[in-house]
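Residue-level listing of the chains:
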Amino acid sequence: MPDFAWMAWTWQTAAFFAVIAGLLALMTLLAVWRPETERVGILRIPTTRGDRLFLTLVGAAFIHLAWLGLVGPSLEWALAASLLYGAAMFRFA
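These numbers come from a predicted model, not from an experiment. (Residues numbered from 1 in each chain as written. Predicted model: local features only at pLDDT ≥ 70, side-chain atom pairs only at ≥ 80, totals over all residues. Heavy atoms only, no water.)

Looking at the element boundaries, A87 is found in helix α3 (residues 76-92). Classification of A87 by relative accessible area gives partly exposed; the value is 48%. The spacing of A87 and T56 is 31 residues in sequence and 8.6 Å in space, taken between C-alpha atoms. (Helix = DSSP H or I, 4+ residues; strand = E, 2+ residues; numbered from the N terminus. Buried < 20%, exposed > 50% of the residue type's maximum accessible area, 1.4 Å probe, protein only.)

Given below as structure tokens:
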């Protein structure tokens, strides 16, 4: 087992990066199995699945940072808001 102690990783950090890697793998498989086409949604710009994933991750980061600054360190509701934002982004963007 590699020693990652020098990086001060916690299981939460490792889980975060594992989820990102899993999402990238899933998006790659979807692109191979079902080639994507650009669509114009509520943003009024043509986006692909990858674009919507990127916008979802950036938006979730801003939601969490705003939550930390305005509410405090309890992030359960920020996670729920980010998941709703992501679902809306993939459905309507």
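Text resumes after the structure shown.
Counted under the stated rule, the structure contains one aromatic pair. Considering the side-chain rings of F16 and F17, the 5.2 Å spacing of their centres and the 80° angle between planes classify their relative orientation as edge-to-face. The class of F17 is partly exposed, set by a relative accessible area of 45%. (Phe/Tyr/Trp six-rings, centres within 6.5 Å; stacked < 30°, edge-to-face > 60°.)

Attention shifts here to the UniProt feature "transmembrane region" (unreviewed entry) in the protein chain. The feature "transmembrane region" (unreviewed entry), as given by UniProt, occupies residues 6-32 and 53-71 in the numbering adopted here. Spanning residues 6-32, this segment combines 81% helix with 0% strand, and its end C-alpha atoms are found 37 Å apart. The span residues 53-71 is 95% helical and 0% strand by assignment, and the distance between its end C-alpha atoms comes to 26 Å. (UniProt positions renumbered as here; feature names shortened; annotations may be inferred.)

Turning our eyes to something else, we now look at the packing of helix α1 (residues 11-33) against helix α2 (residues 49-70). When two helices pack together, you describe them by how their axes are tilted relative to each other and by the distance separating the axes. Running from amino to carboxyl end, α1 crosses α2 at an angle of 160°, the nearest separation of the two axes being 10 Å. Judged on the interaxial angle alone, α2 and α1 are roughly antiparallel. For the crossing formed where α1 meets α2, the hand is right-handed. Counting all contacts with α1, which are made through I20, L23, M27, L30 and A31, the residues of α2 involved are R49, G50, L53 and L57. Tallied by class, residues from the contact of α1 with α2 come to seven nonpolar, one polar and one charged. (Axes fitted to C-alpha atoms, helices over the stretch in contact; angles between N-to-C directions. Parallel < 35°, antiparallel > 145°, perpendicular 65-115°, else oblique. Left-handed = near helix turned anticlockwise from the far one by under 90°. Contact = heavy atoms within 4.5 Å. Nonpolar A, V, L, I, M, F, W, Y, C, P; charged D, E, K, R; others polar.)

Tracing the backbone shows R52 in helix α2. The side chain of R52 is buried and forms no salt bridge, while E36, the nearest opposite charge, is found at 5.7 Å. If we ignore the near neighbours within four places in the chain, the residues touching R52 are R39, T47, M89, F90 and A93. (Lys, Arg positive; Asp, Glu negative; His and termini not counted. Salt bridge = Lys/Arg side-chain N within 4 Å of Asp/Glu carboxyl O.)

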